[in-house]
Amino acid sequence: MADTRLELAITGMTCASCANRIERKLNKLDGVTATVNYATEKAHVTFPPEVDPRTLVEQVEAAGYGATLPAAEPERAGAAEEDPIRSLRQRLIGSAALAVPVVVLAMVPAWQFTYWQWISLTLAAPVLVWGAWPFHRAAWVNLRHGAATMDTLISMGTIAAFGWSLYALLLGTAGRPGMTHPFELTVQRTDGAGAIYLEVAAGVTVFILAGRYFEARARRRAGAALRALLELGAKDVVVLRDGRETRVPVEELAVGDRFVVRPGEKIATDGVVDEGSSAVDASTVTGEAVPVEVAPGDAVVGATVNAGGRLVVRATRVGADTQLAQMARLVEEAQSGKAEAQRLADRVSGVFVPIVIALAVGTLGFWLGAGGGVSAAFTAAVAVLIIACPCALGLATPTALLVGTGRGAQLGVLIKGPEVLESTRRVDTVVLDKTGTVTTGRMSLVAVHPADGVDEDEVLRLAGALEHASEHPVARAVAAGAAERVGDLPGVEGFRNHEGAGVQGVVDGHAVVVGRERLLAEWSVHPGDALAEAKRAVEQRGHTAVLVAWDGEAKAVLAVADAVKPTSAEAVRRLRDLGLTPVLLTGDNEAVARTVAAEVGIDEVIAEVLPKDKVDVVARLQAEGRVVAMVGDGVNDAAALAQADLGLAMGTGADAAIEAGDLTLVRGDLLAAVDAIRLARRTLSTIKGNLFWAFAYNVAGLPLAAAGLLNPMIAGAAMAFSSVFVVSNSLRLRGFRATTSTAARAGAEPTAEKVPAGVA
């Protein structure tokens, strides 16, 4: 049996060291692989069938934390989501109100009235006991399990500062009436029995509570994109049963059910249109602003909005199988992973706390041994404990991933995991599948070549009417192109289909024949020199040539082909701007491939490649030393997407391709590939920036604290600020904007010359 994957909701974590400790504890179980995310408070666990999920919960509880299996999670979701932030806010407000007078009195000697120190003690005690209780509790739990975390440093530092102050007040000289001492940022060698540090105990507690509160609130904001994604779907649906409309909860919808979508309503689930036609606004799911026209036979996606007429849709996927659910799953899985840089940070934070405690003890011993005085030694040691807390290290990657992947989901870019971010930086070559990626993947009427004296609109009206009665892809392309150009098409009499050759019939009293040259020859109709030359030119470009004749004369040549997507040329240019070399890969013939490549600005073309050989092409490019990204949409691209260093799957394509890709582009637009790489690179640079500042802060702060150059309260403020800075820096990713085409920005409809694609 295959390994099982589940997600545990973790409670009681207060820092990255906690997450690291739970992760190590779970990974000690045979066959278990676990990743614990401090920012999302989730553990993603893969375990063999012989391991009972309850054992995982017991292992987490043995480490001193709480865990909840997925089945039980809904019962606690509402309260668990709100309570930690509300509790933190209450502690922060109460502690700040008590601590501000203590800090002000310590900082302004002129305000130090008689017995001010005892008032400070009265105000600071509740802050240390009640306000800092979460830190003390976490430190005690970890101590019982033989571990030390960042809470250990905070608890030790604040208790030491308060304890020393009690000693100085009760047994030393600090409690005498009229005692004053100045607030200084540097440590002077003085008698410790006369110094109190109540402002340190109270101030550090408030600063760290503030940091934790803003972290928790920012994590909720960062995860808002995923929650919004999950809430996009419809809540109920009108189902057709026995010819009657019945409104039921969307959970009761089954595959094969037919349901009604009225104008303005959300489409309840993925399906195929059975009746009606309309424009569908898919911007919530794909990021595409322009509504898509749908008719019977067209696929629609759940959570999109019916902007026009009444539709009857047959459900094809429901529940966890829908595109929306798959998007949410991909986003959450991506947020739970760890980039290479974060794994290094985790290892550092795992050993950091014991080292810091040793350093604090060493600092205390050094100052005492050097004759610096008890006060100076104590102050430096407390500052070391407080400034060293590496909270920012634990938040650096998760917060950036939360915001980056959430923003990507809003823009129709799904990043499967943090490892993908590392790949986007190294990629230098992007291989583009042609059909469905660079081109639309649908046959279109791209040109009309009428004979001398023949009206082009008349050609389209008669040929379009006849082809409208056929189901052949080429016929549908001609009919659609004609209807778009001339409007309503006349009726057809005596229609007849000649398999593989064309069609014939009577339109407006004219005997019309549309198809290959051999069909016209059967009716003794032959194109003149001009039309024969036009036909050769069409075929040389790789187009499909369709001849039109009526009343015994050849009247025109139609060119049908797979058109290049309007934004493909601009997307290729922008990929070049990102430092990537584009390569066109197709199973089509060389002439067609070269035409498409010239249209979009690609120099390197690999054509006439069988589907099974696409993976070999990617491997060959990699063997040449290139780092390859592959963009594709078909089942035949899945292996190549998996082989590539970075696979970008068009979300409008096959499920197999989407599964094989590292990034999924929900929009069927090549500009989405540009957005995906830009967003991934920016998220990675944000992670690296976060880690740099977190490391730099500790590296710079520890020597200053050990040298006695930092007041412990200033150290606490700086430590809290570093965590808030990291989270705020990550939240800047919410401002990432999608690439818009030049034509769209100009307010024009994007256009491009239609070119062939053939059979890739």
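Criteria and cut-off values
- The residue numbers shown here count from 1 along each chain, following its written sequence.
- Two thresholds apply to this predicted model, a pLDDT of at least 70 for residue-level local features and 80 or more for giving and counting side-chain atom pairs, whereas whole-chain, interface and lining totals are computed over all residues.
- Where side-chain values are given, they derive from all heavy atoms of the structure, hydrogens and water being excluded.
- Secondary structure elements follow DSSP: runs of H or I no shorter than four residues count as helices, runs of E no shorter than two count as strands, and numbering proceeds from the N terminus.
- Each residue is assigned to one of three classes by its accessible area relative to the maximum for its type, calculated with a 1.4 Å probe on protein chains only: buried under 20%, partly exposed between the two thresholds, exposed over 50%.
- Here the open area of atoms and residues is found with the Shrake-Rupley method and a 1.4 Å probe, where only the protein chains shown may cover a residue.
- The term nonpolar core refers to a set of buried residues drawn from Ala, Val, Leu, Ile, Met, Phe, Trp, Tyr and Cys, joined through side-chain atoms within 4.5 Å.
- The contact criterion used throughout is that any non-hydrogen atoms of two residues lie within 4.5 Å.
- Multiply 1.5 Å by the residue count of a helix minus one, and that product is the helix's expected span.
- Arc definition: it is the arc formed by the directions from the helix axis to the C-beta atoms.
- Under this definition, polar contacts are N or O atom pairs within 3.5 Å; protein pairs additionally need one hydrogen-donor-capable and one acceptor-capable atom, and for neighbouring residues in sequence, both atoms have to be side-chain atoms.
- As a rule, the C-alpha atoms of each element are fitted with a line to give its axis, helices using only the stretch in contact, and angles between N-to-C directions run from 0 to 180 degrees.
- Oblique is the label for any angle not covered by the other classes, which are roughly parallel (under 35 degrees), roughly antiparallel (over 145) and roughly perpendicular (65 to 115).
- A clockwise turn of the near helix away from the far one marks a right-handed crossing, whereas an anticlockwise turn of less than a right angle marks a left-handed crossing.
- Note on pairing: two strands pair once DSSP finds at least 2 bridges between them.
- We call Phe, Tyr and Trp rings a pair once their centres come within 6.5 Å, taking the six-membered ring for Trp, and we label the pair stacked below 30 degrees between planes, edge-to-face above 60, and tilted otherwise.
- Note that Gly is not counted as nonpolar here; it falls among the polar residues with everything else outside the nonpolar set of Ala, Val, Leu, Ile, Met, Phe, Trp, Tyr, Cys and Pro and the charged set of Asp, Glu, Lys and Arg.
- In the sections that follow, a salt bridge refers to a side-chain nitrogen of Lys or Arg positioned within 4 Å of a carboxyl oxygen of Asp or Glu.
- UniProt positions are given in the numbering used here, feature names are shortened, and annotations may be inferred rather than shown by experiment.

Asker: Help me out: how do you make sense of the overall build of the chain in this one?
Answerer: What the chain contains, in helices and strands, is 27 helices and 26 strands. For the chain, with 760 residues in total, the buried portion stands at 53%. A total of about 31800 Å² of accessible surface is found on the chain, and carbon and sulfur atoms cover 56% of it.

Asker: Before we go on, may I ask you to explain the nonpolar core in this structure?
Answerer: Side chains that are nonpolar tend, in soluble globular proteins, to be buried together. With 50 residues, the main nonpolar core has Leu432, Val631, Leu648, Leu663, Leu665 and Leu670 as its most contacted residues. The dominant element in this core, judged by the number of residues it contributes, is helix 25 (residues 671-706), at 11 residues. Setting aside residues no more than four positions away along its own chain, Leu663 makes contact with Val413, Leu414, Ile415, Val420, Leu646, Gly647, Leu648, Ala649 and Ala676. Formed by 39 residues, the second largest nonpolar core is a distinct cluster that contains Leu462, Val474, Ala556 and Val557.

Asker: Would you explain helix 19 (residues 529-540) in this entry?
Answerer: Residues lying three or four places apart along an α-helix face the same way, a consequence of the helix completing one turn every 3.6 residues. With 12 residues, helix 19 should reach 16 Å at 1.5 Å per residue; the first-to-last C-alpha distance of 17 Å fits that figure. Among the residues of helix 19, those classed as buried are Leu531, Ala534, Lys535 and Val538. Down the axis of helix 19, the smallest arc covering the buried residues is 100°, so these residues share one side. Opposite the packed face of helix 19, turned more than 90 degrees from it, sit the exposed residues Asp529 and Gln540. Elements that come into contact with the buried residues of helix 19 comprise strand 16 (439-450), helix 18 (517-522), strand 20 (544-550) and strand 21 (553-564).

Asker: Explain the side chain of Asn729 here, please?
Answerer: Its location among the elements puts Asn729 in helix 26 (residues 712-731). At 2.7 Å, the side chain of Asn729 forms a polar contact with the side chain of Arg732. With sequence-adjacent residues up to four places away left out, Asn729 is seen in contact with Thr686 and Asn690.

Asker: What is the right way to look at the packing of helix 20 (residues 568-577) against helix 25 in this model?
Answerer: Packed helices, taken two at a time, are described by their axes: the angle between them and the distance between them. Taken N-terminus to C-terminus, the directions of helix 20 and helix 25 make an angle of 25°; their axes are 8 Å apart at the nearest point. Of the possible angle classes, the one that applies to helix 20 and helix 25 is roughly parallel. Where helix 20 crosses over helix 25, the handedness of that crossing is left-handed. Contacts between helix 20 and helix 25 involve Glu570, Ala571, Arg574 and Leu575 from the first element and Leu671, Val674 and Ile677 from the second.

Asker: What should I look at first to understand the pairing of strand 3 (residues 42-47) in this one?
Answerer: Note on strand geometry: in a regular strand, side chains alternate between the two faces of the sheet. Counting buried residues in strand 3 gives five out of six residues, a clear majority hidden from the surface. Note that strand 1 (residues 4-11) and strand 3 share six bridges and pair antiparallel. The residue of strand 3 that forms the bridge with Leu8 is Ala43. Two strands pair when backbone bridges link them, and strand 2 (residues 33-37) and strand 3 are joined in this way by five bridges, in the antiparallel orientation. The partner of Val36 across the bridge, within strand 3, is Ala43.

Asker: So what exactly am I meant to see when it comes to the environment of Phe366 here?
Answerer: Tracing the sequence through the fold places Phe366 in helix 11 (residues 340-369). A relative accessible area of 57% means that Phe366 is categorised as exposed.

Asker: Please clarify how the packing of aromatic side chains should be interpreted in this entry.
Answerer: How two aromatic rings sit relative to each other is given by the distance of their centres and the angle of their planes. All told, the structure shown has two aromatic pairs when counted by the stated rule. Centre to centre, the rings of Phe692 and Trp693 are 5.2 Å apart; their planes meet at 75°, and the pair counts as edge-to-face. When the ring of Trp693 is compared with that of Phe725, the centres are 6.1 Å apart and the planes differ by 80°; the resulting orientation is edge-to-face. In this pair, Trp693 is assigned in helix 25 and Phe725 in helix 26, connecting sequence segments 32 residues apart. What makes Phe725 partly exposed here is its relative accessible area of 29%. Through a chain of ring-to-ring contacts, three or more aromatic side chains come together here, namely Phe692, Trp693 and Phe725.

Asker: Would you mind going over the sheet that holds strand 12 (residues 305-306) with me for this structure?
Answerer: Within a sheet, neighbouring strands are paired by backbone hydrogen bonds and run either parallel or antiparallel to one another. Strands sit in the order 10-9-12 across an open sheet of three strands; the sheet is antiparallel. Looking along the sheet, the strands with just one partner apiece sit at the ends: strand 10 (292-294) and strand 12. The sheet contact formed by strand 9 (residues 278-281) and strand 12 spans two bridges and is antiparallel. Each residue of the ladder has a partner; that of Val280, found in strand 12, is Asn306.

Asker: Explain the packing of helix 4 (residues 116-131) against helix 5 (residues 133-144) to me, please; I cannot follow it from the model alone.
Answerer: Running from N to C, helix 4 and helix 5 point in directions that differ by 45°, and their axes come no closer than 5 Å. In terms of their interaxial angle, helix 4 and helix 5 are classed as oblique. In this structure, helix 4 uses Leu128, Val129, Trp130 and Gly131 to contact helix 5, whose residues at the interface are Trp133, Pro134 and His136. Classifying every residue of the contact of helix 4 with helix 5 gives five nonpolar, two polar and no charged.

Asker: Could you clarify how one ought to interpret the pattern of salt bridges in this entry?
Answerer: Working definition: two side chains of opposite charge can pair if their charged atoms are close together. Applying the stated criterion across every chain yields a total of 27 salt bridges. For Arg262, the salt bridge identified is with Glu245, shortest N-O distance 2.4 Å. You can see Arg262 sitting in the loop between strand 7 (258-261) and strand 8 (270-275) and its partner Glu245 sitting in strand 6 (residues 244-249), a full 17 residues away along the chain. What makes Arg262 partly exposed here is its relative accessible area of 31%. Among the residues examined, Glu245 registers a relative accessible area of 39% and is labelled partly exposed. In this structure, Lys535 engages Glu517 in a salt bridge whose closest nitrogen and oxygen atoms are separated by 3.5 Å. You can see Lys535 sitting in helix 19 and its partner Glu517 sitting in helix 18, a full 18 residues away along the chain. Each of the salt bridges in this network shares a partner with another, and the network as a whole consists of Arg258, Asp274, Glu275 and Arg314.

Asker: Can you walk me through the environment of Val427 in this structure?
Answerer: Looking at the element boundaries, Val427 is found in the loop between helix 14 (418-426) and strand 15 (429-433). When the C-alpha atoms of Val427 and Leu646 are compared, they prove to be 7.6 Å apart, with 219 residues separating the residues in sequence. The residues contacting Val427, other than those within four sequence positions of it, are Leu580, Val627, Val628, Ala629, Leu646 and Arg681.

Asker: Just to check I follow, could you spell out the UniProt feature "transmembrane region" (unreviewed entry) in the chain for this structure?
Answerer: Annotation from UniProt places "transmembrane region" (unreviewed entry) at residues 92-109, 115-133, 153-174, 194-214, 348-370, 376-403, 691-707 and 713-731. Between the end C-alpha atoms of residues 92-109 the distance is 26 Å, and the span holds 89% helix and 0% strand. In residues 115-133, the share of helix is 89% and the share of strand is 0%. The end C-alpha atoms are 27 Å apart.

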